[in-house]
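# Secondary and tertiary structure notes
Letter by letter, the chains look like this.
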Amino acid sequence: MKFQIEREVLLGPLSIVTSVVERRQTLPILANVFLRLEGKNLTLVGTDLEVEISIEAQVLSGEDGECTVTARKLLDICRALPETATIDFSGEGDKAKMRSARSRFTLQALPPKDFPRLEAGKWEERITISRKDLKNLLDRTSFSMAQQDVRYFLNGVLVELEGDTITTVATDGHRLARSRTTLASPAGGQRQVIVPRKAVAELGRFLGEGTEDVTVELNNNHISLQRPGATLISKLIDGKFPDYKAVMAQVLKQKMVADRQQFHEVLARTAVLTNEKYRGIRLELSKGTLKVSAHNPEHEEATDEIPVEYEGTDVEIGFNVTYLMDALKALTSDTVEAELQDANTGFMLHEPDNDDTLYLIMPMRL
């Protein structure tokens, strides 16, 4: 195969495709990117056998064919070339050659017929959602995923379709994030799937900026997302996600309203003197005031307070400060509302008069 392409046209798709390629591979060809040219349409594919991304780019000219080359080396070369560079690429046999102005590169190539592709089977459900809406759902929940938890079904994000609503949920057992939005047209039926952690991270890059619609297809084992000129396919986690609706149905009768920015800043200041391992802070709520305090093994202490709207009984409650700050950062309203009861029940954060996005954070003993 041969083609000529502008460096800027190749760099974006190549960066996204290379992000899915693992640095350490059991199969050497999995370190490669698959290239196929048909007419002026260049398709780039990267996979780790769990997630596969394919993206199209337009070449200036070329001869149809297929080739695979080391993804990271190809990306590093493209990054090192001048922004206005034009690249001449040719691949034949076990060698691929690149030329740009006076620069010359020869890379090892592996047979394209050996490049593995994900076989997803027949799709059973299809919905359409804007890229922005889907990215917002994931951004507002994915930080609450577990990391390498033995309860493997927590190491991902639950995507639930029910009627005309799509919901994403993530939890690590200490906090739970749920966000939902309305679809333009109802889904076929109720369905829950768990998208693994790596695929969620790749989706953030894949969706990028833009407002075009994305087509989401599902079956019991795979999820596919398609936007113009690009497709991401991922295996799903085979497991049953906890009943998050039961967890969120706590009776929380006391309510606090605070300025979101002030709340985040007072936590950030106090967090400086928390125990680095446990990150615990104490919230003391009384009428009109929220007092925040922390201490650490070096006997250092911090206390701070902000005015809030609160008319309930006095409450003292301990939290991991990171969980609170993550939730406040993900919300976008000027003020936030918190529902609570006592030191043994959860702390529910959301935007005032809007429960589309909810954060339930469990207390910790201090």
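Reference entry: report on the structure contained in this document. Not measured: the values here are computed from a predicted model.

What follows concerns the side chain of His222. Along the chain, His222 turns up in strand β16 (residues 222-227). Setting aside residues up to four positions removed in sequence, His222 forms contacts with Glu119, Ala120, Trp123, Glu217, Ile233, Ser234, Lys235 and Leu236.

Quick look at the sheet that holds strand β22 (residues 309-310) now. Ordered in space as β14-β11-β12-β13-β26-β25-β24-β18-β22, the nine strands form an open sheet in which the pairing is antiparallel. Because the sheet does not close on itself, it has two edges, and the strands there are β14 (191-196) and β22. Pairing of strand β24 (residues 335-340) with strand β25 (residues 347-351), which is carried by three bridges, proceeds in the antiparallel orientation. Across the sheet, residue Glu339 finds its bridge partner in β25, namely Met348. Running at roughly 165° to strand β13 (residues 175-182), helix α3 (residues 131-139) makes contact with β11 (156-162), β12 (165-171) and β13 of the sheet.

What follows deals with the pairing of strand β23 (residues 315-320). Consecutive side chains of a regular strand alternate in pointing toward one face of the sheet and then the other. When you tally the buried positions in β23, you get five out of six residues, the bulk of the element. Inspection of the sheet shows strand β19 (residues 280-286) paired to β23 by six bridges, in the antiparallel sense. Within β23, the position partnered with Arg282 by the bridge is Gly318.

Reading guide: rules and limits
- Residues numbered from 1 in each chain as written.
- Predicted model: local features only at pLDDT ≥ 70, side-chain atom pairs only at ≥ 80, totals over all residues.
- Heavy atoms only, no water.
- Helix = DSSP H or I, 4+ residues; strand = E, 2+ residues; numbered from the N terminus.
- Contact = heavy atoms within 4.5 Å.
- Pairing = 2+ DSSP bridges.
- Axes fitted to C-alpha atoms, helices over the stretch in contact; angles between N-to-C directions.
- Buried < 20%, exposed > 50% of the residue type's maximum accessible area, 1.4 Å probe, protein only.

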